[in-house]
Amino acid sequence: MSIPTDVASLQIMAHVYKRASLQSIFDKTVESLVEQVPYIDWVGIYMYENLNHKLVAASCLEDDLKWECNGELKFPIKNAAGEETGMMIVRSRQPIAFDVTDVSTLETIASAIGQESLVS
């Protein structure tokens, strides 16, 4: 894993294990990833409400970098029953920013958020 992604992951997981509010966990996730990982420029967490995708947390609400990003990863957020309840999207302006260790760490974060969303 990359060191910046590891640091962000530790901050996020500590917040999850403290049983903070779900919104607080979402906010900490987007904040930590953008602040700690230099090549992550935008993070958004969407939760599904029926057929709608609701943005519940983002590192920048005004600009999601959708048209400026060169790299984008999407991670499903699943509850303990395995149902997809949301999506975490990570974007970078750099063309080749993410490696397999980043993907693994970000999958772990999305999974932890999903498990917590069923508890909260």
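Remember, predicted model here, so these are calculated numbers, not experimental data.

Turning our eyes to something else, we now look at the nonpolar core. If you look at soluble globular proteins, the nonpolar side chains tend to sit buried side by side. The biggest cluster of nonpolar side chains holds 30 residues, and the ones touching the most others in it are Leu33, Ile45 and Met88. Put simply, the parts of the chain that give this core at least two residues each are α1 (3-17), α2 (22-36), β1 (42-49), β2 (52-58), β3 (71-78), β4 (84-92) and α3 (100-119). Leave out the neighbours within four places in its chain, and leucine 33 touches Ala8, Ile12, Ile40, Val43, Met88, Leu106 and Ile109. Membership of the second largest hydrophobic core comes to six residues, among which are Tyr46, Leu65, Met87 and Ile89.

Judged by pairing direction, the sheet is antiparallel, and its four strands sit side by side in the order β2-β1-β4-β3 without closing on themselves. Looking at the sheet topology across the chains shown, the edges are occupied by β2 and β3. In this sheet, neighbouring strand axes are inclined to one another by 25° on average, regardless of whether the strands run parallel or antiparallel. Relative to β2, β1 is paired through six bridges, and the arrangement is antiparallel. The residue bridging tyrosine 46 from the neighbouring strand is leucine 55, located in β2. Seen against the sheet, α2 touches β1, β2 and β4 and runs at an angle of roughly 155° to β1.

With 15 residues, α2 should cover 21 Å at 1.5 Å per step; its first-to-last C-alpha distance of 21 Å lies within 8% of that length. Buried residues of α2: Leu22, Ile25, Phe26, Thr29, Val30, Ser32 and Leu33, and no others. The arc enclosing the buried residues of α2, seen along the axis, measures out at 165°, which places them on a common side.

Only one face of β3 is buried: it carries Gly71, Leu73, Phe75 and Ile77, and the other face, with Glu72, Lys74, Pro76 and Lys78, is open. Bridge count between β3 and β4: eight bridges; the pairing is antiparallel. Looking across to β4, one finds that leucine 73 is bridged to valine 90. The antiparallel hairpin formed by β3 and β4 contains five residues in its connecting segment, where glycine 82 sits at a positive phi of about 85°.

Take the side chain of threonine 29 next. Along the chain, the position of threonine 29 falls in helix α2. A residue is classified by how much of its surface remains accessible, and threonine 29, at 0% relative accessible area, is buried. Contacts of threonine 29, omitting those with residues within four sequence positions, involve Ile12, Ile45, Met88, Ile109 and Ile113.

Cut-off values and rules
Residues numbered from 1 in each chain as written. Predicted model: local features only at pLDDT ≥ 70, side-chain atom pairs only at ≥ 80, totals over all residues. Heavy atoms only, no water. Core = buried A, V, L, I, M, F, W, Y, C linked by side-chain atoms within 4.5 Å. Buried < 20%, exposed > 50% of the residue type's maximum accessible area, 1.4 Å probe, protein only. Helix = DSSP H or I, 4+ residues; strand = E, 2+ residues; numbered from the N terminus. Contact = heavy atoms within 4.5 Å. Pairing = 2+ DSSP bridges. Axes fitted to C-alpha atoms, helices over the stretch in contact; angles between N-to-C directions. Expected span 1.5 Å × (residues − 1). Arc of directions from axis to C-beta.

Nothing here speaks to function; it is geometry throughout.
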